[in-house]
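The primary structure of each chain is shown beneath.
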Amino acid sequence: MADETNMLVSGCISNERSADANPTRNKEEAYEALSYGIQTILAKKGGSITNGELVTEVRKLLKKQGFMQHPCL
């Protein structure tokens, strides 16, 4: 592949379901748990993080928030 700056992250492993979060119960304010996790970790780290560290930190955050999914590269 000529451009190796891309990365694919899956919201969960094959036998799990990728969760949506909706703390306000307003469907217009719902968000995908993985996307929120990635944004949260990148903001916390200032964007300076490896792909592996990002996935590990997002897994920890989702677990802490009660989501039962395991994002992976």
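In case you missed it, the structure is sitting above this.
Residues numbered from 1 in each chain as written. Predicted model: local features only at pLDDT ≥ 70, side-chain atom pairs only at ≥ 80, totals over all residues. Heavy atoms only, no water.

> Looking at this structure, I do not really get helix α1 (residues 33-45). What am I missing?
Residues lying three or four places apart along an α-helix face the same way, a consequence of the helix completing one turn every 3.6 residues. With 13 residues, α1 extends 18 Å from end C-alpha to end C-alpha; this agrees with the ideal 18 Å at 1.5 Å per step. Considered for burial, the residues of α1 that qualify are A33, L34, G37 and I41. Looking down the long axis of α1, one finds its buried residues gathered within 95° of arc, a one-sided arrangement. Turned more than 90 degrees away from the buried face of α1 sit Q39 and A43, all of them exposed. In this fold, the buried residues of α1 make contact with β1 (20-21), β2 (31-32) and α2 (51-64). (Helix = DSSP H or I, 4+ residues; strand = E, 2+ residues; numbered from the N terminus. Expected span 1.5 Å × (residues − 1). Buried < 20%, exposed > 50% of the residue type's maximum accessible area, 1.4 Å probe, protein only. Arc of directions from axis to C-beta. Contact = heavy atoms within 4.5 Å.)

> What am I meant to see in the side chain of Q69 here?
Assignment of secondary structure puts Q69 in the segment after α2. In terms of polar contacts, Q69 uses its side chain to reach the backbone carbonyl oxygen of G11, at 2.8 Å. At a separation of 2.6 Å, a polar atom in the side chain of Q69 contacts the main-chain amide nitrogen of A19. Setting aside chain neighbours within four positions, we find Q69 in contact with G11, C12, E16, R17, S18, A19, E32, A33, L34 and L62. (Polar contact = N/O pair within 3.5 Å; in protein donor to acceptor, adjacent residues only side chain to side chain.)

> What is the right way to look at the nonpolar core in this model?
In globular proteins that are soluble, nonpolar side chains generally tend to be buried together. One finds A21, A33, L34, I41, I49, L54, V58, L61, L62 and F67 forming the largest nonpolar core, which totals ten residues. Only α1 and α2 provide two or more residues apiece to this core. (Core = buried A, V, L, I, M, F, W, Y, C linked by side-chain atoms within 4.5 Å.)

> Would you mind going over the packing of α1 against α2 with me for this structure?
For any two helices packed against each other, the geometry is given by the interaxial angle and the distance between the axes. It is at 9 Å that the axes of α1 and α2 come closest, and there the two elements cross at 115°. When you trace α1 past α2, the crossing you get is right-handed. Of α2, the residues touching α1 (which contributes A33, L34, G37, I38, T40, I41 and L42) are L54, E57, V58, L61 and L62. Taken together, the residues of the contact of α1 with α2 break down into nine nonpolar, two polar and one charged. (Axes fitted to C-alpha atoms, helices over the stretch in contact; angles between N-to-C directions. Left-handed = near helix turned anticlockwise from the far one by under 90°. Nonpolar A, V, L, I, M, F, W, Y, C, P; charged D, E, K, R; others polar.)

> What am I meant to see in the state of the cysteines here?
Structurally, a disulfide amounts to a covalent bond that connects the sulfur atoms of two cysteines. Applying the stated criterion across every chain yields a total of zero disulfides. The structure places no disulfide on C12, whose sulfur is separated from the nearest cysteine sulfur, that of C72, by 7.5 Å. (Disulfide = S-S within 2.5 Å.)

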